[in-house]
2 protein chains.
Amino acid sequence: MNQMARIDTSMETQMANAIRVLAMDAVEAAKSGHPGAPMGMADVATVLFNRFIRVDPADDKWPDRDRFVMSAGHGSMLVYAISHLLGYDDMGMDQLRAFRQLGARTAGHPEYGHAKGIETTTGPLGQGISTAVGMALAERMMNARFGNDLVDHWTYVICGDGCLMEGISHEAIDFAGHQQLGRLIVLWDDNGITIDGDTDLSTSTDQTARFAASGWHVQAVDGHDREAVAEAIGKAREDARPSLIACKTVIGFGAPNKQGSHDVHGAPLGAEEIAAARVNLGWPHPPFEIPQDILTSWRSVSARGAEARSAWLERLNASPDKARFNAMLAAPDAVALRDAIRSHSAKLAADRPKIATRKASEMALEVVNATLKNTVGGSADLTGSNNTRSKGMAAVTPTDRQGRYIHYGIREHGMAAIMNGIALHGGFLPYGGTFLAFSDYSRPAIRLGALMGVPVVHVMTHDSIGLGEDGPTHQPVEHVAALRAIPNLMVFRPADAVETAEAWEIALTSPSTPSVLCLSRQNLPAVRLEPGDENLTRQGAYVLRETTGARDVTLIATGSEIEIALGAADLLAVQGVRAAVVSAPCFELFAVRPDAEREAVLGRAPRIGIEAQIRQGWDGLILRPGDGFVGMTGFGASAPAPALYRHFGITAERAADLANQLIQGGK
Amino acid sequence: MNQMARIDTSMETQMANAIRVLAMDAVEAAKSGHPGAPMGMADVATVLFNRFIRVDPADDKWPDRDRFVMSAGHGSMLVYAISHLLGYDDMGMDQLRAFRQLGARTAGHPEYGHAKGIETTTGPLGQGISTAVGMALAERMMNARFGNDLVDHWTYVICGDGCLMEGISHEAIDFAGHQQLGRLIVLWDDNGITIDGDTDLSTSTDQTARFAASGWHVQAVDGHDREAVAEAIGKAREDARPSLIACKTVIGFGAPNKQGSHDVHGAPLGAEEIAAARVNLGWPHPPFEIPQDILTSWRSVSARGAEARSAWLERLNASPDKARFNAMLAAPDAVALRDAIRSHSAKLAADRPKIATRKASEMALEVVNATLKNTVGGSADLTGSNNTRSKGMAAVTPTDRQGRYIHYGIREHGMAAIMNGIALHGGFLPYGGTFLAFSDYSRPAIRLGALMGVPVVHVMTHDSIGLGEDGPTHQPVEHVAALRAIPNLMVFRPADAVETAEAWEIALTSPSTPSVLCLSRQNLPAVRLEPGDENLTRQGAYVLRETTGARDVTLIATGSEIEIALGAADLLAVQGVRAAVVSAPCFELFAVRPDAEREAVLGRAPRIGIEAQIRQGWDGLILRPGDGFVGMTGFGASAPAPALYRHFGITAERAADLANQLIQGGK
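Residues numbered from 1 in each chain as written. Chains lettered and ligands numbered in written order. Predicted model: local features only at pLDDT ≥ 70, side-chain atom pairs only at ≥ 80, totals over all residues. Heavy atoms only, no water.

The name given to chain A in an unreviewed UniProt entry is Transketolase, and the organism recorded there is Paracoccus kondratievae. What the UniProt record of chain A gives under Function (unreviewed entry) is the line "Catalyzes the transfer of a two-carbon ketol group from a ketose donor to an aldose acceptor, via a covalent intermediate with the cofactor thiamine pyrophosphate." Under the Catalytic activity (unreviewed entry) heading, UniProt states for chain A: "D-sedoheptulose 7-phosphate + D-glyceraldehyde 3-phosphate = aldehydo-D-ribose 5-phosphate + D-xylulose 5-phosphate". (UniProt positions renumbered as here; feature names shortened; annotations may be inferred.)

Asks: Whenever I open this one, the sheet that holds strand E3 (residues 184-190) of chain B confuses me. Can you help?
Replies: All names here are of chain B. Judged by pairing direction, the sheet is parallel, and its five strands sit side by side in the order E1-E2-E3-E7-E6 without closing on themselves. In this open sheet, the two edge strands, each paired with only one partner strand, are strand E1 (67-70) and strand E6 (217-222). Taking each pair of neighbouring strands and ignoring which way they run, the sheet shows an average axis angle of 15°. Alignment of strand E2 (residues 155-159) against E3, held across five bridges, turns out to be parallel. Bridge pairing links Val157 to Val186 in E3. (Pairing = 2+ DSSP bridges. Helix = DSSP H or I, 4+ residues; strand = E, 2+ residues; numbered from the N terminus. Axes fitted to C-alpha atoms, helices over the stretch in contact; angles between N-to-C directions.)

Asks: I would appreciate a short explanation of helix H17 (residues 412-425) of chain B in the present structure.
Replies: Residues three or four positions apart in an α-helix share a direction because the helix packs 3.6 residues into each turn. With 14 residues, H17 of chain B ought to run about 20 Å at 1.5 Å a step, and its terminal C-alpha atoms sit 20 Å apart, in line with that. Counting buried residues in H17 of chain B gives 14 out of 14 residues, a clear majority hidden from the surface. (Expected span 1.5 Å × (residues − 1). Buried < 20%, exposed > 50% of the residue type's maximum accessible area, 1.4 Å probe, protein only.)

Asks: Please explain the relation of the copies chain B and chain A as it appears in this structure.
Replies: One copy of the chain maps onto the other through a rotation about an axis plus a displacement along that axis. In the superposition of chain B on chain A (RMSD 0.0 Å, axial shift 0.0 Å), the rotation amounts to 180°. The transformation relating the two chain copies, once decomposed into turn and shift, fits a two-fold axis. Scanning chain B for the C-alpha nearest the rotation axis identifies Gly167 of chain B, at a separation of 1.9 Å. Taken as a fraction of all interface residues of chain B, those also at the interface in chain A reach 100%, which identifies the copy contact as same-surface. (Least-squares fit on C-alpha atoms with pLDDT ≥ 70 in both. Contact = heavy atoms within 4.5 Å.)

Asks: Mind showing me how you'd approach the UniProt feature "active site" (unreviewed entry) in chain A here?
Replies: In the numbering used here, UniProt assigns the feature "active site" (unreviewed entry) to Glu412 of chain A. For Glu412 of chain A, the location among the structural elements is in helix H17 (residues 412-425). When its relative accessible area of 4% is taken as the criterion, Glu412 of chain A is described as buried. If near-sequence neighbours (up to four positions away) are discounted, Glu412 of chain A is found in contact with Glu171, Ala380, Thr434, Phe438, Tyr441 and Ser442 of chain A together with Glu166 of chain B.

See the structure below:
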């Protein structure tokens, strides 16, 4: 706390006002945006950066930097203003002037990858705080491996009422409290205002009591009393639990006629109110101009960060763990993984196990987790069903974070966001399991991961009516389509153990695309029977069984329905019909193959898609009028899996019949 | 409490054991299912039914019955056992023997509509408790309108650890506490066990403290001490707040070697353990046989319910409010609504307002809410953006439940589940708003509503990149496709004010299909310019502008892209190309039209789909190789809407160019 003695509070007031003015001016220029939160939280953010946060704009990826997450992402101008004031070289005043304009780094909400200093994309409420939990966990897991010399940083979050009303916040808070993530400090912008009006229109939860119930250290302060804020952050850092600091603020602080009301939340203040705010704040400077002394004060924050980074670099260079540390943060060893998977696949091609692909996934993970030391598995309380825990994976617990397996609890959404945070933090490759039907619960975080391009693997088992008796609530029928709809997401539905291993290899070596693995509950025969050097799954779709002579029909299937396609081809062969079988484990990878290759795989003969899902999403493969589809058209039912396949007509016989019809129709 | 004096506890023990034995035997017969929860909660459930719940198997839809929700839906055998014991005529022992088999009412999880006494479908965790909040709210809203004589019942929930770990539980609990839903009593099966093992693997939240923080009355009891359970329920009923009763139980109670462990959660006990349990419970009877005295005791519960219903019927028949009460519960007056919408549409066709469809929706709601007295609106804190509140709609508050508008707070998922509950309760037609991008948050509850077939309207505004500056986190690109993928869900994307009004009419008069209305933020020109008696939106897709002479191309669009299609047709007309324009506001309605009608609408000329979404889902309309699509292929960006439409090439010029290419290609 010796830093506090030398704080010039009048300068700190001006530092905070710089944020306020930049926010209101940028929103005014854009005629769009949210001035309320940046103006209200300017004091808190200024204290946080001025007195605590260690970042260095000269190296925005410095591994031991503190993480700052603006969970209330609509207050993006707070982030951009601070990045500008700290001197990030990609956040010149031109960017603030172009707030919310096409091509600017200053998007409406902070977008990861658009500008330095943005640790995660926020905007959909509740995501930031939950992602930050993953960062704070990853920090402690790295600390457990490398000690304080190399890993010793904090994760700070600013969140609003919306973040705390969203359900995902409960999952994140409960998890963080259980894991005792003392490096996580959440500053709640307790302004009592939401878009519809006062928060008491819709909530009366005592948030500090709620956080305390989940094992958090809680405090409440006046968010405009900077000494109180600093003292609270200091106390929070001394406590072993994660901390909530409720900061009572006035939304839009500084705008004399609008502050404290929902009018200031999400609309420009207008020229008149901005002029009045300038008078009120004692800020005579024109828009987008920051006096040099204020800028100098902000740059001293960066200088402190630069010093810390220098000292850290010295420690790293002197550390016997340097190589190991750098390896953890580097891209996974793709060659080693390829060789390991190749060897594993060769053995599978010989053994030809008839197993569920969820079991095949477990077998692949035995290889993967032995080869890559920084994978971190987990499940939303379905470990034995998702088969996500390979041998010897110890659990990550509050008292021992050396482990590599996370019990996420019954929190699919939180798990997905926490995995995003682990991946964003760096050091680990997270994967986690649940049932495919519950991808709906995780969906907002899966989408955000796809938008950011973070390498996370979602293991989704029980991927069709093949799960049987649990019935339609648990049976995915539209989920594969709905996931294929998300841009920059690879959806794998492997047919056997070899394809499953290949999918794992691709997923873990794709640095900027998350993956979903859709895996069966039920046993499936081996279909990849030849050892080969090539990862055929990487082609997205390939000819699994070619015809002798011209094709009469091509049967295209995925996952558990490959068995049906092969059975149909056998039936057709008896009838003298030449049916090729194409396995299509990843539509997204197939979609980017050259047209000629795609046409060669799919063939000119009538095509039939077979998948125990709805047809939607298949139009890239069976888009001609003479093509057909065997699959689901509505919800499933509760019964043993074989009965369901017969009931819904997803059988080799049906596919063979349809093939004959289409062949006749084409003649 | 005078009931308690005459309880025969030894008989009540046997009544509870009847549940236990039926559960373990049915799971064993099915070789699949979850015996742990029914056996653990048998005492609590028996007390609840034996001493409190008023239901009458002779009329499972009696409006003033108590509602019972098994939120821990995997414990479905508890529900089926009780329904059998109470004497529901569709739950004979044959159904219990056929547990989890094809065609049985006894699905793996309780399915609404499959059997009497199932108030809502449960299974996806957290949904039951949240749906129950809607039921409890609807009860008080009906009570506010009709008084205690006609509406005076309770909503009881059994939930497990999973329900309380899911994020949606926070949204429901916070909302219920705020609304002081004293008629809601949640019995938490506090057994300390989840699938992965002990709950302390993943949570350490003090649940009673957590509920108390949200304004609930909380108690904790031994869930096998029936007098304590009864006393707690009694106290809960006396308190004005919603109540949580933490019932400490032993999962699988009665199975001597497996109880209290996660082994008993989700697998058959096996013959040996079942035999041991029979000895342990003093239950010598064979499987699926209930001694008459025990059955008689259970039937006395039903008799008490029948008496209550008789008394209620007498009160109803004597009530001056009888007609009004019955009207609230009846299907909406479709004729009155049709006439009102027709008159509204005629005025719109004359006025031709250029407005956003979200604004058009507000105008339609002015008509709808004046015509139908039991619509209940709301928004997840975006009232002014979703335009969901028509004039004079008072808010539903803890102290005044006469209102018709609900501030759901920033709780999209909870809102959707609560709306399901309101609809299931009966008396009201709920609709609620959020941004379309956040349909991802609501998705599990939207899906459950579709599976159940409950009439709920999801108002989803800001339906494309047309929302502009908020950027890709807020811009739906795959959401329309992902919603179209859900079976039994109507997705409307109306083009102007007339189509918006028509969509409202259809949505509110579809008794067993929920709807999503995708509405624009930006203004759109009127395109339905002729007053007509027919609701054209009901056709799903129709020819908005026909050509003179044979079509050269057909432009098919939805919502905001109709303007672009018309613009393209104008450009093409100048070039001498005859382009028809088809408006397709609801793919699901179009899909069920006769083939000939579909072909006539879509035409034989090349077709171009235009929608500011991804192509997925359009394959029913533009299925042929010569067809084309103008839309999105990835995430959006932050910029003013017109700049985004140009940037992503969703323009009349682009569509016209593509039309010319396709026409050339076809020659």
